[in-house]
Protein chains: 2
Amino acid sequence: MSLPHAILTALLEKPSSGLELTRRFDRSIGYFWSATHQQIYRELGKLEAEGHIRALPSEQPARGQKKSYEVLPAGRAELARWTAASQDPKPHRDPLLLRMRASAVVGTDGIEADLRRHLALHREQLAEYEEIEKRDFPPGRDTPQDRLRHLVLRAGIDLETFWTQWLTHALEEFGELPDTGPA
Amino acid sequence: MSLPHAILTALLEKPSSGLELTRRFDRSIGYFWSATHQQIYRELGKLEAEGHIRALPSEQPARGQKKSYEVLPAGRAELARWTAASQDPKPHRDPLLLRMRASAVVGTDGIEADLRRHLALHREQLAEYEEIEKRDFPPGRDTPQDRLRHLVLRAGIDLETFWTQWLTHALEEFGELPDTGPA
DNA sequence: CCAAACATGTAACGGGTTACATGATTAC
DNA sequence: GTAATCATGTAACCCGTTACATGTTTGG
């Protein structure tokens, strides 16, 4: 039950249409909660039906017409409730680690190239985050809001740093590993 | 499409019944791919229908009776294919980071306690991983398989280390943060 | 014998993914 | 005017989650 709350947060930061939300989910918010436009439209419908958001009065007939939403007090209250509620951490699910474990059984042929590809992708993402940090959080001015958002970005940076280091280490091991074909 | 491959890996490491698999998914494999017994039974049925695994010949009538499976050559081939195939990294989805971002908008009331709880949980998990490392990967003896499995465990250790550090840092910030009520 | 634990399932639901459909606006 | 793009939506499928059902073995 996180998508509706991700949308409420985004709409509180700035009222938007479905497609604008989709674009924002490809950038900042999407860095730790992604969503496709289909999910977003479906969820916007639900949130409106529940009285958590409403369409800004311009009353277009619908299809093909831009429709912007804003958060209602009930929506803000629901978001505050959810944010403060205790939630158990969900177990990770990482296909790449699974493949590493599988390769210990069926052999490492072919996986090394993909490790390199992932390493390149994580390096790109890391560079992008660091660019954002430089641009949006220069030393000095920090409101409490800034500091919270910076913390979230730091999580992204540190996670990407971890992956680049781990993948580098893994590839070093592969260099020394005698080629294990299928057992 | 990872669960069937997680099961194939587990069965190759050691033929097992559904419940035994469920227990192993609560331990080692579950550290990066969790699954409930319902998922596992559903998937075992599919894998058997596809000819990737078969029940070990003891031919019990079914309900309440233990039924063990082993991997067939077709299953091993499918696992090798999947392991070597290129896969895009899936975007993260982390509710806690989402809540941090939401708390920048609706206020931080209530979230601090949950951050402490998560910190304690990640510390526990980290200690457990380090225990496993000490027990299963003593310095010295390392077959290629050992080194691959150790790499996977290191990923778990480093990820938990990241989270404990990040949460500690976040809680320090909270100590200095003037209480931001709902804006 | 009865309760607890073991062991295998079924059913319903919800969210995420993919493919497709359709109307409006803009650029050439 | 027509092709590309913008914008909103529908439909189907798969997987993960939760609740429940049912039979078997073991311990007291």
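Nothing here was measured: the structure is a model prediction, and the numbers come from that model.

Digging into the environment of alanine 6 of chain B
Part 1: When you line up the elements, alanine 6 of chain B lands in helix 1 (residues 3-13).
Part 2: As for alanine 6 of chain B and glycine 18 of chain B, which are separated by 12 residues in sequence, their C-alpha atoms are 13 Å apart.

Looking at the interface of chain A and chain B
Part 1: Every contact between the two is made by 70 residues of chain A and, on the other side, 70 residues of chain B.
Part 2: In this assembly, chain A packs against chain B so that about 6,800 Å² is buried in total across both faces, 67% of it on carbon and sulfur atoms.
Part 3: Contact with chain B buries area across many residues of chain A, yet Phe32, Leu98 and Arg101 of chain A alone supply 11% of it, more than any other trio.
Part 4: Run the count over chain A and chain B and you get six salt bridges.
Part 5: Glutamate 13 of chain A is the partner of arginine 101 of chain B in a salt bridge, and the nearest nitrogen-oxygen pair spans 3.0 Å.
Part 6: Scanning the region where chain A abuts chain B turns up 26 residue pairs in polar contact (both at pLDDT 80 or more).
Part 7: When residues of the side of chain A that touches chain B are traced back to their parent elements, those giving at least two are helix 1 (3-13), helix 4 (73-84), helix 5 (95-106), helix 6 (111-136) and helix 7 (144-176) of chain A.
Part 8: Looking at side-chain class alone, the side of chain A that touches chain B contains 37 nonpolar, 16 polar and 17 charged residues.

Thresholds applied
Residue indices begin from 1 for each chain and proceed along its sequence in written order. The naming scheme follows written order: chains are lettered A onward, ligands numbered 1 onward. Residue-level local features of this predicted model are given only where pLDDT is at least 70; pairs of side-chain atoms are given and counted only at 80 or more, and the full residue set underlies all totals for whole chains, interfaces and linings. With hydrogens and water stripped out, all remaining heavy atoms of the structure feed into the side-chain values. Strands here are runs of E lasting at least two residues and helices are runs of H or I lasting at least four, both read from the DSSP assignment and numbered beginning at the N terminus. For this analysis, residues touch if any pair of their heavy atoms sits within 4.5 Å. Accessible area that two parts lose when put together, with a 1.4 Å probe and added across both, is what the buried area reports. Every case where a carboxyl oxygen of Asp or Glu lies within 4 Å of a side-chain nitrogen of Lys or Arg is listed as a salt bridge. Polar contacts, as counted here, are pairs of nitrogen or oxygen atoms within 3.5 Å of one another; within protein the pair requires one atom able to donate a hydrogen and one able to accept it, and residues that are adjacent in sequence qualify only if both atoms are side-chain atoms. Here the term charged refers only to Asp, Glu, Lys and Arg, the term nonpolar to Ala, Val, Leu, Ile, Met, Phe, Trp, Tyr, Cys and Pro, and the term polar to all other amino acids, Gly among them.

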